Amino acid sequence: MNASTFATMPTFVALKMRSLAMLTLGVCIATWHFPTTLHAEDWYRWRGPDLNGISTETHWQSEWPSGTMPIAWTIDVGTGFSSVVVQDDRAYTLGHVDDHSVVYCVDVNDGHLIWKHAYPAPLDARDFEGGPTTTPTIDGDRVYVLSRAGELFCFDAGSGEVRWQKQIADAAEVRVPGWGFAAAPLVVGDKLVLTLGESGAVVNKHDGELIWASPDRECGYASPVPIPNTKTIVFPSGRSFTGVDLETGQPQWSLRWLTSFGCNAAEPIIHDGKMFLCSGYNRGAALFKLTDGEPELIWKNKNMLNQLHGSLLHDGHLYGIDGDMESGARLTCLNWETGDVVWSEDDLKPGGLSLADGKLILLTEAGELVFAAATPAGFSEISRAKVLDGKCWTVPVLSSGRVFCRSIQGQVACVDLRD
Amino acid sequence: MSLDRRAFIASTVAASTLAAAPKIHAASKDKKYRTALIGSGWWGMNILREAMAAGQTKVVALCDVDQDKLELAAEEVNDLSGEEPKLYSDFRELFEKEEVEIAIIATPDHWHALNTLAAIEAGAHIFIEKPTGHTIGESQAILKASRAADRIVQVGLHRRIGPHHVSGMKFLKDGGAGDIGLVRMFVHSRGGAETPTKNSAPPETLNWDMYCGPAPLRPYNRKIHPGGFRQYLDFANGTLGDWGVHWLDQMLWWCDQQSPKSVHSTGGRPVRGEAVLNEDVQTTDAPDSQIATYQFDDFTAIWEHRQFGGAGPEKSTVGCNFYGSKGTFHMGWRDGWTFYPDDARKPVVHEDHQLQEPDGHNLKLLWADFLQAIESGRHPTADIEIGHQATTLSLLGMLSLKLGRSVRWDGDAQRIIGDDEANGLLKRKYRAPWTYPEIG
């Protein structure tokens, strides 16, 4: 078969043939088609190494005949919304089983359990299925987990041994927010930065000792986001986003950001001296210019309502899940500079979204994994396959050529995309 | 209410309407009504947005007991119009300080009567969200007071004016389904057992005492506010007192506002479980399933809801079926209306919905009708009397459920026949310092 013959074939047939060839001839053919090796990346924290939800991995396989993505393994971790983090061929996540939250460490090659740690926690279903909502954070040989009730754990990444644990909501003298703590801890140097109280809290990552805490108000559900090249961290509360000096805990500015349910769950996106804020529950989105003082509003609208997950900024465009998941959300592309809707795809029922190598990695609510070009030209699907049963609202994660998908009911599927 | 002021307002409106209706209509497009919104949450803001979009609204004041809702609403009003409404957490203070021509009432049901009566006293026309009362006596008080003061009251029964409802009703009234002998109104959803939710301190931005108002003061629970009051009988009347009012109204529209002779209802919480309310935790307490039967002179109407089981084998989970001698007519929501002839050889007749998204309602039409009613002095399409009757039927269903027996209803006297205990339930005891409205 020469290139010109291949090019004239209908796409589906071409895809199918390539798949067949790979299945029968294996790695040789794959290498022939994809001479470049996979650039692998540990996805060691929520929203990834660059804290933008975008993986730098390239040359992973995104094209499959309809319905046939290779699922390497599946495991059941219990009810919850925790995403997956990966380092050194190990994947970590949480789920709820029998009145406990369980932290799992599994081998990414076959999903076999390396260690797990259970701590007592009610399911606490409040307008949702319940279970843990936070994602672990890996830092070197340690894994940090913040429970919905405010128990902070430091595990040995290798053995699962608890290095230390602390009831940090009590230590910081702040209340647990309505749906429980949900933000992933952020490691900055020797500090562990937490969404806690009105504008965050910081503990020593080596022993859990509280360094500073903000006043007792309902915190938000998004993770802390640093402003690059500054000491400022942006924290969500139920009613605001506040820029805080990491060293002193002193607020530098605060933007009122009200929603109908006191729920700020999407991380700010900070880029090029600007900051994008977005929430669901009748709030919407805005772009601010970061200054020495109060951020200045550039635009504000309701074109994007990020209820659960932050949008992704790629090549001057924002891609995000717009709307209330219960009543039917959309995949929407916004212009970063103007906030205008570039396109919106109503029928996708998106549950979680990430991005790598110019492609959207979308997990639909019904458990279909969809790859599409991340382009302002419109929604352009590359391939899709059903990978999970149950309801999926958790962000799919790409690491070392595998996509980790998770349902609310607790099924985790590892889709092997290595060529 | 000051009688002088009421008389003055009534005579002014009547005189100007009679003397120069066409001129007023011509001039009215420039008229901006000084408007206040009481209850500035999700649905209240949906109404206010339509009011603003219609171009004859100046938003002078917003009122809510939740500071967050208030500030959110104020920001949106400012974004949409540049206006900076005054903000109040107490409706009494609002009506004392502001000159209000139109009041929108979108608080939880247990506040509707006191809010509306204060608005009438202040001389405002009113757009009130259904139901018109939490008890039948409250609704009666609103009806009488608004008539006495000659105020226009439009009830949020947007299904009275939605295009597919209008065309479907014409089909029915033209005899398309033949003689109707039975009407079945229903709303079904999914659901399961309910586990109690912990009580907590109210959010610092919420005046919980004022939220409860004339209702008993119970511990705050985040399942109630924001957004959950409808399933708590202190504040609302469950699914029959919510959805039921819309579909009962469709039935009343078709039968030209007849009154039922008797009402009987059964139901409970077989799936959600027994209601819980203590210092630590609580559940909702509205029935998760209920059937109410309304016996009219020459037909029977049945309300049925359940919050479990989902759609099952049924074609639709929401709507109103009219069973007639020529077939079955389904008045739906997002499924439009459909007539299924009993003669299988005849074609099914269907009309798609025409709804205003994203909420799938027709507030725009209802607001326009409200403005026209104010300008012309005519009764609006979903006039208070219409809203009152649909509300009354829903509350009679709740009353029969509580009593565990059927009640006979005298629609003319607005009384239950021969049952003192049942008549006692037309009112409720208010928590001090609030006093139950006099019917006058």
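Scoring rules and cut-offs
- Every chain begins its residue count from 1, and numbering advances along the sequence as written.
- All chains are assigned letters beginning at A, and all ligands numbers beginning at 1, according to the order in which they are written.
- Local features in this predicted model are restricted to residues of pLDDT 70 or higher, and side-chain atom pairs are both shown and tallied only at a pLDDT of 80 or more, whereas totals for entire chains, interfaces and linings draw on every residue.
- Based on all heavy atoms of the structure, the side-chain values leave hydrogens and waters out of the count.
- A run of DSSP states H or I qualifies as a helix once it reaches four residues; a run of E qualifies as a strand once it reaches two. Both are numbered from the N-terminal end.
- For this measure, only C-alpha atoms enter the radius of gyration; the expected value for a globule follows 2.2 Å times N^0.38, where N is the number of residues.
- Throughout, exposure labels follow a simple rule: accessible area from a 1.4 Å probe, protein chains only, divided by the maximum for the residue type, with under 20% read as buried, over 50% as exposed, and the rest as partly exposed.
- Residues are treated as being in contact if the distance between any of their heavy atoms lies within 4.5 Å.
- Accessibility throughout is a Shrake-Rupley quantity obtained with a 1.4 Å probe, and a residue counts as covered only by protein chains that appear here.
- In this tally, Asp and Glu contribute negative charge and Lys and Arg positive charge; neither His nor the terminal groups of the chain are included.
- Note on charges: their place is set at NZ of Lys, CZ of Arg, CG of Asp or CD of Glu.
- Here a strand pair is declared whenever DSSP counts at least two bridges between the two strands.
- Between the rings of Phe, Tyr and Trp (Trp by its six-membered ring), a pair exists once the centres lie within 6.5 Å; its type follows the angle of the planes, with under 30 degrees stacked, over 60 edge-to-face, and the other angles tilted.
- Charge-over-ring contacts are defined here by two conditions on Lys NZ or Arg CZ: a distance within 6 Å of the ring centre and an angle within 35 degrees of the ring normal.

**Student:** Looking at this model, I keep getting lost on the overall build of chain A. Mind explaining?
**Tutor:** Scanning chain A for helices and strands turns up 4 helices and 33 strands. Relative to the compact-globule value of 22 Å for 419 residues, chain A shows a C-alpha radius of gyration of 21 Å, a close match. Counting only C-alpha atoms, chain A reaches 70 × 50 × 40 Å along its principal axes. The buried share of chain A, reckoned over its 419 residues, is 59%. In chain A, the proportion of contacts linking residues at least 24 apart, taken out of those at least 6 apart, comes to 49%. For chain A, the exposed area adds up to about 15,800 Å²; of that, 51% sits on carbon and sulfur atoms. Taken together, the 32 basic and 51 acidic charged side chains of chain A have centroids lying 3 Å from each other.

**Student:** Please explain the sheet that holds strand E18 (residues 251–256) of chain A as it appears in this structure.
**Tutor:** Two orientations exist for strands paired in a sheet by backbone hydrogen bonds: parallel and antiparallel. All names here are of chain A. Read from one edge to the other, the open sheet built from 4 strands follows the order E15-E16-E17-E18, with strand pairing classed as antiparallel. Edge positions in the open sheet fall to strand E15 (225–226) and E18, since each of these has one partner strand only. Note that strand E16 (residues 232–236) and strand E17 (residues 240–245) share 5 bridges and pair antiparallel. Bridge assignment links Phe 235 to a residue of E17, and that residue is Thr 242.

**Student:** How should the packing of aromatic side chains be read in this particular structure?
**Tutor:** Think of a pair of aromatic rings as described by two things: how far the centres are apart, and how the planes are tilted against each other in angle. Per the stated rule, a full pass over the model turns up 39 aromatic pairs over all chains. Residues Phe276(A) and Trp299(A) carry aromatic rings whose centres are separated by 6.1 Å and whose planes lie at 55 degrees to one another, so their mutual orientation is tilted. Note that Phe276(A) is positioned in strand E20 (residues 274–279) and Trp299(A) in strand E22 (residues 296–301), a separation of 23 residues in sequence. Look at Phe276(A) and you get buried, because its relative accessible area is 1%. A ring pair is formed by Trp254(B) and Phe299(B), whose centres lie 4.9 Å apart and whose planes are at 75 degrees; its orientation type is edge-to-face. With Trp254(B) in helix H9 (residues 243–254) and Phe299(B) in the loop between strand E11 (289–295) and strand E12 (300–306), the pair connects residues that are 45 residues apart, well separated along the chain. The ring of Phe261(A) carries Lys69(B) above its face, with NZ or CZ at 5.1 Å from the centroid. A cation sits over an aromatic face here: Arg184(B) above Phe186(B), 4.6 Å from the ring centre.

So far we have only geometry, and geometry alone does not tell us how the molecule works.
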